Amino acid sequence: RLKLRRNFLIILLNFNLESTDILHMGMIDRYKKKGGFIQLLQLIETSGMPKQEQFLSLIAQESPIWEAEIRRKILTLDKILNWNATYLAEIFSRIQILTLASAFHGSEQPRIDTVFKAISVTDQRRFQMTIQEINPTPAEKSTSQMKILAETRTLVAQGIIKLEK
């Protein structure tokens, strides 16, 4: 073992790191494998807005094409709320009312109306009551929004929701 370690150290010392891409490995290099783009997309989707912009600016420096494609494919609540009512009903039926209420607390009325139309009558009453009773912190609101995005991405992965290519 000692001889093996010594030989390994000699190889490392003689290895010219400047001539390799190891030191220059960028952020997106680790995602250039099968399923890697979706992993990166999910990582960015479930990060807060400041972190998302930080990730996207790093990616833009390495590959403007990847950055543009991620911006095009990233899920946001605004994009989801513009989907058809069937998809919205499918997504919101899998989300707890407290999570929905927290995510949309303080939102403009048209956004709340869109959610309201996509849930059952029973859930509409519960949603209205909950949204009036709660006062979520910004962290709770953000966590609730991330849960909706994660559930939506799961439905896409399962093929329940089909997105445009």
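Numbers given to residues run from 1 along each chain, matching the order in which its sequence is written. Local features in a predicted model are, by the rule used here, given only for residues with pLDDT of at least 70; side-chain atom pairs are given and counted only at 80 or more, and totals for whole chains, interfaces and linings are based on all residues. To obtain the side-chain values, all non-hydrogen atoms of the structure were included, while hydrogens and water were left out.

Undergrad: So what exactly am I meant to see when it comes to the overall build of the chain here?
TA: Of regular secondary structure, the chain possesses 10 helices and zero strands. When the elements of the chain are put in sequence order from the N terminus, they spell out α-α-α-α-α-α-α-α-α-α. Considering the chain as a whole, with its 165 residues, one finds that 36% of them fall into the buried category. Only heavy atoms enter the contact rule, under which two residues are in contact if any of them lie within 4.5 Å. By sequence separation, contacts in the chain at least 24 residues apart represent 67% of the contacts at least 6 residues apart. Residue-level accessible areas treat just the shown protein chains as cover; the underlying method is Shrake-Rupley with a 1.4 Å probe. As displayed, the chain offers around 11,100 Å² of accessible surface, 56% of which is attributable to carbon and sulfur atoms. Strands are runs of DSSP state E lasting at least 2 residues, helices are runs of H or I lasting at least 4, and numbering of each runs from the N terminus. With a 1.4 Å probe rolled over the protein chains alone, any residue whose accessible area is under 20% of its type maximum counts as buried; one over 50% counts as exposed, and the rest are partly exposed.

Undergrad: Explain the packing of helix α6 (residues 85-92) against helix α10 (residues 138-157) to me, please; I cannot follow it from the model alone.
TA: Helix-helix packing is described using two parameters, namely the angle between the two axes and the distance between the axes. Axis geometry follows a simple rule: fit a line to the C-alpha atoms, using only the stretch in contact for helices, then measure angles between N-to-C directions, giving values from 0 to 180 degrees. Where α6 meets α10, the axes come as close as 10 Å, and the angle between the chain directions of the two elements is 115 degrees. Classified by the interaxial angle, the pair formed by α6 and α10 is roughly perpendicular. Read as a crossing pair, α6 and α10 show a hand that is right-handed. From α6, E90, I91 and F92 reach across to α10, where they touch I148, T152 and L155. When an angle is under 35 degrees it counts as roughly parallel; over 145 it counts as roughly antiparallel; between 65 and 115 it counts as roughly perpendicular; any other value is oblique. By the definition used in this description, the sense in which the near helix is turned from the far one sets the handedness, with an anticlockwise turn below a right angle giving left-handed and a clockwise turn giving right-handed.

Undergrad: Just to check I follow, could you spell out the packing of helix α2 (residues 36-45) against α10 for this structure?
TA: Relative orientation of the contacting elements α2 and α10 amounts to 160 degrees, with a least axis distance of 10 Å. One element, α2, and the other, α10, form an angle in the roughly antiparallel class. Where α2 crosses over α10, the handedness of that crossing is right-handed. When α2 is examined against α10, the residues L41, Q42 and E45 are found in contact with a partner set consisting of M146, L149 and R153.

Undergrad: Any chance you could explain the pattern of salt bridges here in plain terms?
TA: Here a salt bridge means any side-chain nitrogen of Lys or Arg lying within 4 Å of a carboxyl oxygen belonging to Asp or Glu. On inspection of all chains with the given rule, the structure shows eight salt bridges. Where salt bridges share partners, they join E53, E67 and R71 into one cluster.

Undergrad: Mind showing me how you'd approach the side chain of E67 here?
TA: Relative to the assigned elements, E67 resides in helix α4 (residues 64-73). E67 has contacts with L56, I59 and A60, leaving out every residue within four places of it along the chain.

Undergrad: Any chance you could explain the nonpolar core here in plain terms?
TA: Across soluble globular proteins, nonpolar side chains have a tendency to be buried as a group. Definition of nonpolar core: a set of buried residues of the types Ala, Val, Leu, Ile, Met, Phe, Trp, Tyr and Cys, connected through side-chain atoms within 4.5 Å. By size, the foremost hydrophobic cluster in this structure holds 27 residues, and its most contacted members are I91, F92, L100, F104, V115, F127 and I148. Every element with two or more residues in this core is listed here: α5 (77-81), α6, α7 (97-104), α8 (109-118), α9 (121-133) and α10. In contact with I148, other than residues within four places in its own chain, are L77, I91, F92, I95, L100, A103 and F104. Counting 12 residues, the second largest nonpolar core, distinct from the first, contains I28, F55, I59 and I74.

Any functional reading would require information that these geometric values do not contain.
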